[in-house]
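Remarks on the overall topology
Given next are the chains, with one letter for each unit.
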Amino acid sequence: MRIVPFEPRHADAWRTLNEAWISRHFAIEPKDRLVLDDPAGQILAKGGRIFMAEQGGGTVGCVAMIAMKDGGFEVAKMTVAEAARGTGLGRLLMQACLDEAARAGAPRLYLESNSSLAPALGLYRAMGFVDLAPEMRPPSDYARVDVWMERLL
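So, a few notes on the structure that sits alongside this text. Sequence positions are assigned chain by chain, starting from 1 and proceeding in written order. Only residues with pLDDT of at least 70 get local features here, since the model is predicted, and only at 80 or more are side-chain atom pairs given and counted; chain-wide, interface and lining totals rely on the full set of residues. Excluded from the side-chain calculation are hydrogens and water; included are all heavy atoms of the structure.

1. Some points on the nonpolar core
What counts here: Buried Ala, Val, Leu, Ile, Met, Phe, Trp, Tyr and Cys residues that are joined via side-chain atoms within 4.5 Å together make up what is termed a nonpolar core. Buried means the residue's accessible area, taken with a 1.4 Å probe over protein chains only, is under 20% of the maximum for its type, while exposed means over 50%, and partly exposed covers the values in between. Put simply, DSSP marks the helices as runs of H or I at least four residues long and the strands as runs of E at least two long, and each gets a number from the N terminus on. Note on definitions: a residue-residue contact is assigned when non-hydrogen atoms from the two residues lie within 4.5 Å.
Core analysis: the largest hydrophobic core is formed by 27 residues, its most contacted members being V75, M94, L109, Y124 and F129. Elements with a minimum of two residues in this core: β2 (49-55), β3 (58-67), β4 (73-80), α4 (89-104), β5 (108-113), α5 (118-126) and β7 (147-152). With 7 residues, α4 is the largest single contributor of residues to this core. When sequence neighbours within four positions are dropped, the list of residues in contact with Y124 reads M78, M94, L111, S113, F129 and M149. Counting 21 residues, the second-largest nonpolar core is a separate cluster that includes V4, L17, V35 and I43.

2. Regarding the packing of aromatic side chains
Threshold: Pairing of aromatic rings covers Phe, Tyr and Trp, the last counted by its six-membered ring, and requires centre-to-centre distances within 6.5 Å; plane angles under 30 degrees mean stacked, over 60 mean edge-to-face, and any other angle means tilted.
If you walk through the whole model with that rule in mind, you get 3 aromatic pairs. Seen from their ring centres, F6 and W14 are 6.5 Å apart, and the 75° between their planes marks the pair as edge-to-face. The exposure class of F6 is buried, given its relative accessible area of 12%. On the basis of relative accessible area, W14 is assigned to the buried category, the value being 0%.

3. Things to note about the pattern of salt bridges
What counts, and what does not: We count a salt bridge whenever a side-chain nitrogen from Lys or Arg sits within 4 Å of a carboxyl oxygen from Asp or Glu.
Enumeration over the complete set of coordinates arrives at 18 salt bridges. The salt bridge partner of E54 is R2, with a shortest N-O separation of 2.5 Å. Of this pair, E54 sits in strand β2 while R2 sits in strand β1 (residues 2-5), and the two are 52 residues apart along the sequence. Residue class for E54 comes out buried when judged on its relative accessible area of 11%. On the basis of relative accessible area, R2 is assigned to the partly exposed category, the value being 46%. One salt-bridge network, held together by shared partners, links D12, R15, E19, R33 and D37.

4. Looking at the sheet that holds β4
As a reminder of what qualifies: Paired strands are those between which DSSP finds at least two bridges. Fitted lines through C-alpha atoms give the axes, limited to the stretch in contact for helices. The angle between two N-to-C directions lies from 0 to 180 degrees.
Strand order in the open sheet formed by 7 strands is β1-β2-β3-β4-β5-β7-β6, and the pairing between neighbours is mixed. Edge positions in the open sheet fall to β1 and β6 (130-131), since each of these has one partner strand only. Lying on the sheet, helix α1 (residues 11-25) is in contact with β2, β3 and β4; it crosses β3 at an angle near 85°. Each of β4, β5, β6 and β7 touches α5; the most contacted strand, β7, lies at about 25° to it.

5. Some details on the pairing of β2
For β2, a buried count of 5 out of 7 residues is recorded, marking the element as mostly surrounded by other parts of the structure. In the sheet, β2 pairs with β3 via 7 bridges, with the strands oriented antiparallel. Among the inter-strand pairings, E54 is bridged to a residue of β3, identified as T59. The antiparallel hairpin formed by β2 and β3 contains 2 residues in its connecting segment, where G56 sits at a positive phi of about 55°.

6. Quick word on the environment of P30
Along the chain, P30 turns up in helix α2 (residues 30-37). Measuring from C-alpha to C-alpha, the distance between P30 and D141 comes to 8.9 Å, with 111 residues separating the pair along the chain.

7. So, α1
Formally: For a helix, the expected span equals 1.5 Å multiplied by the number of residues minus one. This arc is taken over the directions from the axis of the helix to the C-beta atoms.
In a regular helix each residue adds 1.5 Å, so 15 residues correspond to 21 Å; α1 covers 22 Å between its end C-alpha atoms and thus fits that length. Along α1, the residues that are buried comprise A13, W14, L17, N18, W21 and I22. Down the axis of α1, the buried set is contained in an arc of 145°. They therefore lie on one face. In α1, the exposed residues that point more than 90 degrees away from the buried face are D12, T16 and R24. In this structure, the buried side of α1 is in contact with α2, α3 (39-42), β2, β3 and β4.

Geometric values such as these leave the question of function open.
So this is what it looks like as structure tokens:
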């Protein structure tokens with residue numbers, strides 16, 4: 001299994017992987033459509049990063065780091081294909097984000113999630129993320145968000 005930076009060849013896998021997990025649990029929202037259809041323009045061109053997980057010639061996972069105004073990154077669109085779940089790939093993708101944020105000198109990683117995604121929340125907490133107090137939670141672009149977390153670096 002390899003974690004590699006996003007390349008144009010990954011665009012279809014990026015969209016397909018994310019559409020699968022989002023539509024399984026939620027409705028695909030307008031903000032989802034923007035970043036799924038144009039990851040280069042909506043994430044990379046704005047100072048963000050995307051990592052893709054490859055295994056056996058296929059793409060089995062992904063995660064984005066969206067640049068924030070404070071110099072931090074929002075971790076977004078992290079998913080692992082059904083067949084690769086339980087392999088530790090989610091941890092590897094999050095570690096890639098932590099390593100890249102440290103290299104970039106980011107003060108923090110931030111993420112938004114949903115309380116129904118217990119395995120994801122368990123991973124985030126195991127990787128050092130903590131829940132933000134209500135007064136620290138910015139408005140979200142997503143109706144499904146009911147969990148806000150960050151990890152200071």
